[in-house]
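Below are the chains, spelled out letter by letter.
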Amino acid sequence: PVWKVFAMAAPQVVVNDPSQNTLSRTAEKLIILLDYSQGLLTRIHNCVHYRRGRVFAELPEKLMEALASKKEDPTAGINRKEGYQIINMKHEVLCQETQFCYETVADILNLTNELHPLFQRLVRDITIFDIHQNTDLTIRFLKVFFNFCRMYLLSSRMSDARIAIYLYILAYREQFTKEPDEAHLVKKYLLSNSNPLRQLQTVLSTLPRISSAITEAIQVMMESFTTWTSYDSIQKGQYFSLSQEPPSTYSLPIDDKKTELYQDATYLDHIGTWIIYLYLIFPEALNEEIPRAQLNAALNDRTVVILFRDELIDAIHEYMALEKTSRKEIKVPTTHIKKVIGQSSSKMQVKEAVTGIKSDALTLRHRQMRELLRREIRGLLDVSQALPGIIPVKLPMLMAALALSRYEIYWVFTHMSLKNSRTKLSFAAPFLPDLMYHCHKLSETILENKDLVTAYYTQQLQLDIREIRPFSEQMRKLKKLDVSVLNLVDKIVSDVETLLPSNLDDNNAVTAAVPSMDISRLAWYQASAEMSKEPSVFRLPQGQAMAKLVNPFINHTRYLDRLSKEVDTRGSMASLWFYRAYLAQIFNTYCLGRWDADGGGADDEKLQYQAIDGKNKNIPYNRQGRYWIVFLQVYSQALHNVHRQRPEELQIIGLGSLQKAEAYLNATTSKIEVCIRNILGQYSQFNAQINPEKVADELIRSRGGDASGAGGGAGGPFKRGGNWKSLPGFESFYPNRKYTETLKHNLDIVGDICSSFAEYDSVQIHNQRIYPAAYLYQLMYDFFYNEIRLMAQESAKTMVRPHRFLSRLDRLFRACSRIGQYINLDLENMIRKILYDDFYDDSVGIAGTSLGMPHKKDSAHQYRPATTNASASTATGTIASASHTSNGSGAGGEGDAAGDGPGATNTTTTSKIPTEPKVEYNVDGSPINPRKLIHDIRDWYVGIVDARCAAPNSGSLWSPLLYGFYEPGNKTHGALENYCSLTELENLCKLIGPSGVRVIDLEVLKIGHAAMTNIKQVLEKNRDLIGGVDMYKFHSEKAWSSLIKRFHGLDVVSQQGVVVGSVILFRKLLRKALYNSLQNTATAADGSSNAFYSSSMKTICDKFFQERVFFESVSDLALDTGIVNDFTDNVMRNIYYQLANNDSKLWSYIPLVFGICFADKFWIDNDVTYDVQLGALTNNGLTLANAVSEMITIYTDQSKHRKMKLLFLDITGKTLLYLKKNQPQNDSINTLFLFLDYFIEINPNDLTHMDLESFSVPYDVIRAQTVKAFGDELGYFSEWKDVKENDDGNYGGGDDNDDQKTQ
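K.L.:
Now, about the nonpolar core: what can you tell me, with residues and values included?
P.N.:
In this structure, Phe240, Met436, Phe784, Phe805 and Tyr941 are the most contacted members of the largest nonpolar core, which totals 374 residues. For this core, the element with the most residues is helix H40 (residues 982-1021), which contributes 18 residues. Once residues within four sequence positions are removed from consideration, Tyr941 is found in contact with Met799, Pro802, Tyr979, Cys980, Leu985, Leu988, Ile1000 and Phe1066.

Below you can see the structure in the form of structure tokens.
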């Protein structure tokens, strides 16, 4: 048993040695027994909350019920019960599971045998217990005695542990064929412990004087107790109103009477509890006036007393049932008890004058006390921080303030957690976090100025010595005190003087560690015990004078060498660990705030003091969020509850504290995220108000009209009245104050909580150091990281159009600028860093360097997004991922100015785009190549180019007139023009910059590369066929028809040519948008323009192009400014050129192959028309012209560019004429003549319209077709005359006989 270990550790104390049988040695036992009893209470508390082991849990319930029965020996005959065979078979394991409970009860009995004779001797030999005379002896005696009583009361609450004790006896008997030696005493104890009060009364019945001795000891403290528990006395006495005193009095020491009063405040949390316990055990004492007065004072202060940790006693309930729970020999004064309870403040209902709240007097007084202490302790803290020099002078005052504040804090939690729901008090503590925070802050301030305290009390002890020595010499001369006592006092003084620090610097600060003075304090403790025996020296005036000199002297030594322990004794909140459920309730209610949406504000006191019952109460936010960090400090102190008798609690409480700290950090950061999202949503609403359509709707409604266009009744749409208060600009109008109060409420919460994060650099909890500010930064980083991704989403699978993404980011920056006034983080730079990191990819290099040669992977593989690293962030997500959803605003708002709606989903093809490389991770779990937002944007645009822009017959058209890609039939938010028009791409480039453009460009190039590869395969298949054709003599229809029939893959050439042309056009469009964005974007720092950079590069590149001078580095840099020409876009040229593999002759047949491809069904059987509004062919065929032009430029020498392009015009013109001759009714062929005109327009340096007249189709034919297209669009023509060949070889209308060409 543990008590034997303690006895072996200190044999000189607990062994009954006759040579050491002095009163001082007896009193010295109290030091060891006080610590041991505290540890034993810890073990009993663990038994109360005992958890069944594995074998214990296997036993049947009937066996358990038999062992739980209140019999003298429940183990008798238990072997006949069902399930006993489990005990027989697994007795060894069962012994290990239950041994702890058995030994705990055995140690209670052993401690009882130690304490009973000790109490008997103390109350017999010591005639006076006075906290102001023999302080240490009195306090230790009372603490040990009431710890002894608590052990009996606490052990009566054991349930499973009681069964475990009987199981241990049975398992021990099975293992050793006999019961443990103390088994019969343990059984007897458990039987009697079913009524612990009666059991205690029986044990203490042989100590008749102990009740009166404790009553007298408590009576000495009653004056201080009534002072500190009275709100009126503290308010009138102004014991803590230091800030209201003249500054000239700050340096004056506190007088002796007040110092004694402040010292008594240390024991305030014990006195009331001791009184309630005392008269539960000795109720017969209540027949006298003094005990009744003491009990009345105690019940007026509290009705719930702490048994141990979170185990509580309802005092009113226990006293009302005292007659039933006491011994029959004791006559309980029931009448007096009922009268005392009836006069207690808990039974008196009062109405507060200020708030008008009805409550019992007890709750109201403690509420007033907390408010008074909150104001006073804040004042003390302000003065202490402004003038640290007053801390040592006013240290007793500060210590008393800490003790009283902690007492009121514990009062709240003990009364909140009372388990008897019938008597549970309804009360509120709206400013409790404030009190807790400043109480903790005051403790820290005292310890931060430890050097000042040490220096001050070093000098104070020297002054004390100068007073004690003359007094001692005088007593020797007068022979008023025993010489042994005076010798002991002189020795104590000499020892302390020797230990005093002697090395002070120029500022009187101590430069070395102060040695411990415990030996001197122990010597005075022993001396005071000897002086307390009959005849007591303390009853003499000289003895009392000696005590008044030596007791302060001893207290001053404590401030010198154990200041931190003294502060913890009065200010530690470690025991709140056991009230963590109610801590969370206070935190959630007052620190996070529940906004009163029904009208009450923070200024409404009646709403502030609503009871915390969790039933639809709207409790205003009282700015308590700024004090939430104190809850982390509570958990940092939780390990102070661990006692060395129960070391297993170290891991239990330590790990639990870490989990709770994590939960509080998550709760606060989650609240910040919610508030910031609400703030962003509020800014989204403000932005939506300036939408012209919304303003017009509100104006119509304000005048009584209908925004849908319906009339407004008799007054029409301009009728007076309506909801004019909802118009933009009226948010600050007084009736609309709720509109802005919500925004301010969220800003207040964010500011308060974030300011608390900055209070402490770090907090040590268990074996880890937590950095709250870094935690906040990381979580805020993750929040904005995810928020920006949500802003980029139109829906779960659709990206928002760049213009709206930019608008959302603009609102985000404006909101963060406002939030930045409330939070101690540079949010704007944080977001800029996120954007920079998200839009920069190391794999493509920085702007100004070459992209290199991308390697095309297997085209059969489908592109898929990289797996999101769950450890990197909580919800990174991708645009293509269906697992993440978002509303239209993407930032918690109710919509953008342009309105929100569902967008088109992304149709991803299964070819042409390479598989994303597998994500690999570092040792710390961070991805080596993390998934970035630019990758999501890249995938979205690659999907658009692959599935829409460059996909033949997809309905997407390149418009030379509007210079962009459009979908004429798509009017939804996902329309192509919302992403691929020049304006939208300019907004995209403003977001992603040159580096992001490189990322998109590289993937788009792969699409064109795959298409070119397919074209190359067709060329290689038809190598022999086209090799035998002389393109310059390719004139006859017979040769043309023969080549068409034998050529395989015209469909591939046509469609893949469109793909290549679309890729080329998209890249040029993207680069032009980049150039324009650089021209128009101004830096935020000085307002200067970036146009100089791009304009200079354009001038240089134009000069180089004219001079035919090539510098690769300049070309790369120019490309990243958006300049695209034959020299700058060398990346694409290199990619396509390498496909030739030095086989330039094969690629020289491009004019022939692409000239005859118009005979494919893609052109003539596809109902191709000309879209006048877009200036495009409906099969997007005009992009082929760009592809052919670019291929000729790449695969032929510059001197042959014009020649090859003329050849393409010639072959294409003949192809169209032959097709028209063979299919005169095919209207699509008529439209294809416009292709030739477009080809000349995109090659102004090599071709003119005269070339068309000379080498291909007469331009009048193309002009007639253009007139026809516009005429059909405008409705000018009702009859169409086909263009066909006349008998004379000329071309004209089918019904016109003249030889004039069609006009």
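K.L.:
I'd like a description of the packing of aromatic side chains, backed by residues and values.
P.N.:
Counted according to the given criterion, the structure contains 42 aromatic pairs. Between Phe145 and Phe146 the ring centres are 5.1 Å apart and the planes differ by 80 degrees, which places this aromatic pair in the edge-to-face class. Classification of Phe145 as buried rests on a relative accessible area of 0%. Residue Phe146 is classed as buried on the basis of its relative accessible area of 1%. Relative to Phe784, the ring of Phe783 has its centre 5.0 Å away and its plane inclined at 70 degrees; by these criteria the two rings are edge-to-face. No difference in accessibility class separates Phe783 from Phe784, as the two residues are buried. Taken together, the aromatic side chains of Phe119, Phe129, Phe141, Phe145, Phe146, Phe148, Tyr152, Tyr189, Trp274 and Tyr277 make up a single cluster linked through ring pairs. In this structure, Arg374 is placed above the aromatic ring of Phe431, and the distance from its NZ or CZ to the ring centre is 4.4 Å.

K.L.:
So, a negative patch on the surface: which residues are in play, and what are the values?
P.N.:
On the surface, Glu223, Asp255, Asp256, Glu260 and Glu467 cluster together into a patch of negative charge. Within the secondary structure, Asp255 sits in the loop between helix H13 (231-237) and helix H14 (256-264).

K.L.:
How would you explain the packing of helix H7 (residues 91-125) against helix H8 (residues 135-155) if you had to name every residue and give the values?
P.N.:
For the pair H7 and H8, interaxial distance at closest approach is 11 Å and the crossing angle is 145 degrees. Considering how the two elements wind past one another, H7 and H8 form a crossing that is left-handed. Residue-level contacts link Ile108, Leu111, Thr112, Leu115, Phe119, Leu122 and Val123 of H7 to Phe141, Val144, Phe145, Phe148, Met151, Tyr152 and Ser155 of H8. Among the residues making up the contact of H7 with H8, the classes are represented as 12 nonpolar, 2 polar and no charged.

K.L.:
Run through the pairing of strand S1 (residues 304-308), naming residues and quoting values.
P.N.:
Among the 5 residues of S1, 4 are classified as buried, and the element is accordingly described as predominantly covered. The pairing of S1 with strand S2 (residues 311-314) spans 4 bridges and is classified as antiparallel. Bridge pairing in S2 places Phe308 opposite Glu311. Connecting S1 to the antiparallel partner S2 that follows it, the hairpin turn spans 2 residues, and Arg309 within it adopts a positive phi of roughly 55 degrees.

K.L.:
Outline H14, listing residues and values.
P.N.:
For H14, the full list of buried residues reads Leu261, Tyr262, Gln263 and Asp264. Each element contacted by the buried residues of H14 is listed here: helix H12 (210-228), helix H15 (268-281), helix H22 (395-416), helix H27 (541-561) and helix H28 (563-571). One side-chain oxygen at the N-terminal end of H14 lies 3.2 Å from the backbone nitrogen of Lys257; it belongs to Asp255.

K.L.:
Let's hear about the pattern of salt bridges: which residues, and what values?
P.N.:
The tally for this structure, following the rule as stated, stands at 56 salt bridges. With a closest N to O distance of 3.1 Å, Asp125 and Arg124 form a salt bridge. A salt bridge links Lys1205 to Asp1246, with the nearest nitrogen and oxygen atoms 2.7 Å apart. A residue pair is termed long-range when its members are at least 10 positions apart, and Lys1205 in helix H51 (residues 1201-1222) and Asp1246 in the loop between helix H52 (1227-1241) and helix H53 (1249-1255) qualify at 41 residues. Three or more residues are tied together by salt bridges with common partners; here these are Glu371, Arg374, Arg375, Arg378 and Asp434.

K.L.:
Tell me about a positive patch on the surface, and name the residues and values.
P.N.:
Where like charges cluster on the molecular surface, the positive patch consists of Lys62, Lys71, Arg80 and Lys81. The topology assignment puts Arg80 in the loop between helix H5 (61-68) and helix H6 (84-89).

K.L.:
Can you explain unusual backbone geometry? Please cite residues and give values.
P.N.:
The omega torsion across Glu534 and Pro535 is -10 degrees, close enough to zero to call that bond cis. For Pro535, the position within the fold is in the loop between helix H26 (518-531) and H27. If you check the backbone angles, Arg623 has positive phi at about 60 degrees while not being a glycine. As for its placement among the helices and strands, Arg623 is situated in the loop between helix H30 (605-608) and helix H31 (629-636). On the basis of relative accessibility, which here comes to 30%, the residue Arg623 falls in the partly exposed class. The backbone of Asn953 sits at a positive phi, close to 60 degrees, despite the residue not being glycine. For Asn953, the location among the structural elements is in the loop between helix H38 (933-949) and strand S7 (957-959). By relative accessible area, which is 48% here, Asn953 ends up partly exposed.

What counts and what doesn't
- Along each chain, numbering runs from 1 in the same order as the chain's sequence is written.
- Where local features are concerned, this predicted model is filtered to residues with pLDDT of at least 70; where side-chain atom pairs are given and counted, the filter is 80 or more; whole-chain, interface and lining totals use all residues.
- Excluding hydrogens and water, the side-chain figures rest on all heavy atoms present in the structure.
- Throughout this description, the term nonpolar core refers to a set of buried Ala, Val, Leu, Ile, Met, Phe, Trp, Tyr and Cys residues connected via side-chain atoms within 4.5 Å.
- Only protein chains enter the calculation, and the probe is 1.4 Å; a residue is then buried if its accessible area is under 20% of its type maximum, exposed if over 50%, and partly exposed in between.
- Only runs of H or I of at least four residues qualify as helices and only runs of E of at least two qualify as strands under DSSP, and these elements are numbered from the N terminus.
- Whether two residues are in contact is decided by their heavy atoms: any pair within 4.5 Å suffices.
- What counts as a ring pair is set by centres within 6.5 Å for rings of Phe, Tyr and Trp (its six-membered ring), and what kind of pair is set by the plane angle: stacked under 30 degrees, edge-to-face over 60, tilted for all other angles.
- Remark: a charge is flagged as sitting over a ring if the NZ atom of Lys or the CZ atom of Arg is within 6 Å of the ring centre and within 35 degrees of the ring normal.
- Exposure above 30% relative accessible area and no salt bridge define the residues that can form patches, which grow by joining like charges within 9 Å and nonpolar side chains of Val, Leu, Ile, Met, Phe, Trp and Tyr within 5 Å.
- Calculation of accessible area relied on Shrake-Rupley with a 1.4 Å probe; when residues are assessed, cover is drawn exclusively from the protein chains displayed.
- Salt bridges are identified by distance alone: a Lys or Arg side-chain nitrogen within 4 Å of an Asp or Glu carboxyl oxygen.
- Only four residue types enter the charge count, namely Lys and Arg as positive and Asp and Glu as negative; His and the chain termini do not.
- By convention, the charge on Lys lies at NZ, on Arg at CZ, on Asp at CG and on Glu at CD.
- Orientation is described by lines fitted to C-alpha atoms, with helices fitted over the stretch in contact, and by angles between N-to-C directions that extend from 0 to 180 degrees.
- Helix crossings fall into two classes, left-handed where the near helix is turned counterclockwise from the far one by less than a right angle and right-handed where it is turned clockwise.
- Under the scheme applied, nonpolar residues are Ala, Val, Leu, Ile, Met, Phe, Trp, Tyr, Cys and Pro; charged residues are Asp, Glu, Lys and Arg; polar residues are all the others, including Gly.
- Any two strands are treated as partners once DSSP identifies two or more bridges connecting them.
- Identification of polar contacts relies on pairs of N or O atoms within 3.5 Å, with a donor-acceptor requirement for protein atoms, meaning one able to donate a hydrogen and the other able to accept it, and with residues adjacent in sequence counted only if both atoms are side-chain atoms.

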